[in-house]
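# Structural description and commentary
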Amino acid sequence: MADEALIVIDVQNDFCPGGALAVEDGDAVVPVINGLIERFDHVVLTQDWHPEGHSSFASSHQGKAPFETVEMPYGTQTLWPDHCVQGTGGAAFHEGLAWDKAELVIRKGFRSAIDSYSAFFENDHETPTGLSGYLRERGITRVTLAGLATDFCVAYSAIDARRQGFEATVIMDACRAIDLGGSLSAMTAKMKEAGVTLV
């Protein structure tokens with residue numbers, strides 16, 4: 001498994017029950033992911049890490065409510081409740097997550113003017129996080145993804161992994177979805193089209 005990495009996406013308090021942007025049953029992924037972490041030699045975590053007043057927050061747009069959309073220079077942006085603000089308890093990893101084995105934590109969404117769903121690129125699909133280079137330098141060619149949420153950060157990460165030339169597998173029972181306006185079925189189809197293996 002030296003050429004394979006597990007990428008754990010955004011298993012943070014704000015995406016779990018009781019959090020600011022809670023995914024239904026989001027904390028149910030924790031024991032499943034912990035089992036995966038034990039099996040993998042290489043583990044990478046992502047962490048949503050927004051400054052206060054981030055442009056993806058509905059509170060930053062007068063008259064807008066969470067889950068509405070706005071047009072940004074990089075395209076259509078879904079607006080979210082304030083979540084995963086840098087240094088807050090909501091941005092911390094779920095307390096049950098066995099994350100200490102991780103060799104790299106990729107923080108994303110820290111630029112105030114652009115959101116970042118993917119572990120590989122920000123939402124302009126041009127600004128890299130550096131993850132591709134890190135994986136290539138380590139000789140990793142295959143990635144397995146798990147975490148929150150299936151239809152946003154997990155899916156965008158998996159699709160970008162394929163675009164960057166990595167084999168990509170998503171463990172569906174180690175993910176949970178927001179399913180905003182049919183987003184789960186739409187993004188599941190897009191992952192399959194991109195050549196992502198769903199198991």
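This one's a predicted model, so the numbers in the text were calculated from it and none came from an experiment.

Cut-offs and rules
Numbers given to residues run from 1 along each chain, matching the order in which its sequence is written. The predicted origin of the model limits local features to residues at a pLDDT of at least 70 and limits the giving and counting of side-chain atom pairs to 80 or more, whereas totals for whole chains, interfaces and linings rest on all residues. Derived side-chain values reflect all non-hydrogen atoms in the structure, with water molecules and hydrogen atoms excluded from consideration. Strands here are runs of E lasting at least two residues and helices are runs of H or I lasting at least four, both read from the DSSP assignment and numbered beginning at the N terminus. Pairs of N or O atoms are called polar contacts if they sit within 3.5 Å, as long as, within protein, a hydrogen donor faces a hydrogen acceptor (for residues adjacent in sequence, only side-chain-to-side-chain pairs). Pairs of residues are marked as contacts when any of their non-hydrogen atoms sit within 4.5 Å. Note on classification: 1.4 Å probe, protein chains only; a residue is buried when its accessible area is under 20% of the maximum for its type, exposed when over 50%, partly exposed between these limits. Between 30 and 60 degrees the pair is tilted, below 30 it is stacked and above 60 it is edge-to-face, where a pair is any two Phe, Tyr or Trp rings, Trp via its six-membered ring, whose centres lie within 6.5 Å.

As a further point, take the side chain of D151. Along the chain, the position of D151 falls in helix α3 (residues 150-163). Within the structure, D151 has its side chain in polar contact with the backbone nitrogen of D179 (distance 2.6 Å). Not counting residues within four places of it along the chain, the set of residues in contact with D151 comprises Y156, A177, I178, D179, L180, S183, L184 and M187.

With that settled, the discussion passes to the side chain of N34. For N34, the location among the structural elements is in helix α1 (residues 29-39). Residue classification places N34 among the buried positions, given a relative accessible area of 16%. A polar side-chain atom of N34 sits 2.8 Å from the main-chain amide nitrogen of A98. When residues no more than four places from it in sequence are discounted, the contact partners of N34 are G96, L97 and A98.

Another point: the packing of aromatic side chains. Here the structure, examined in full by the defined rule, presents 7 aromatic pairs. When the ring of W80 is compared with that of Y117, the centres are 6.4 Å apart and the planes differ by 75°; the resulting orientation is edge-to-face. Residue W80 is located in the loop between β4 (75-78) and β5 (104-108), and its partner Y117 is located in the loop between β5 and α2 (131-137); the two are separated by 37 residues in the primary sequence. Across this residue pair, the class does not change: W80 and Y117 are buried. Considering the side-chain rings of Y117 and Y156, the 5.2 Å spacing of their centres and the 55° angle between planes classify their relative orientation as tilted. With Y117 in the loop between β5 and α2 and Y156 in helix α3, this residue pair connects regions lying 39 residues apart in the sequence. Judged by its relative accessible area of 8%, Y117 is buried.

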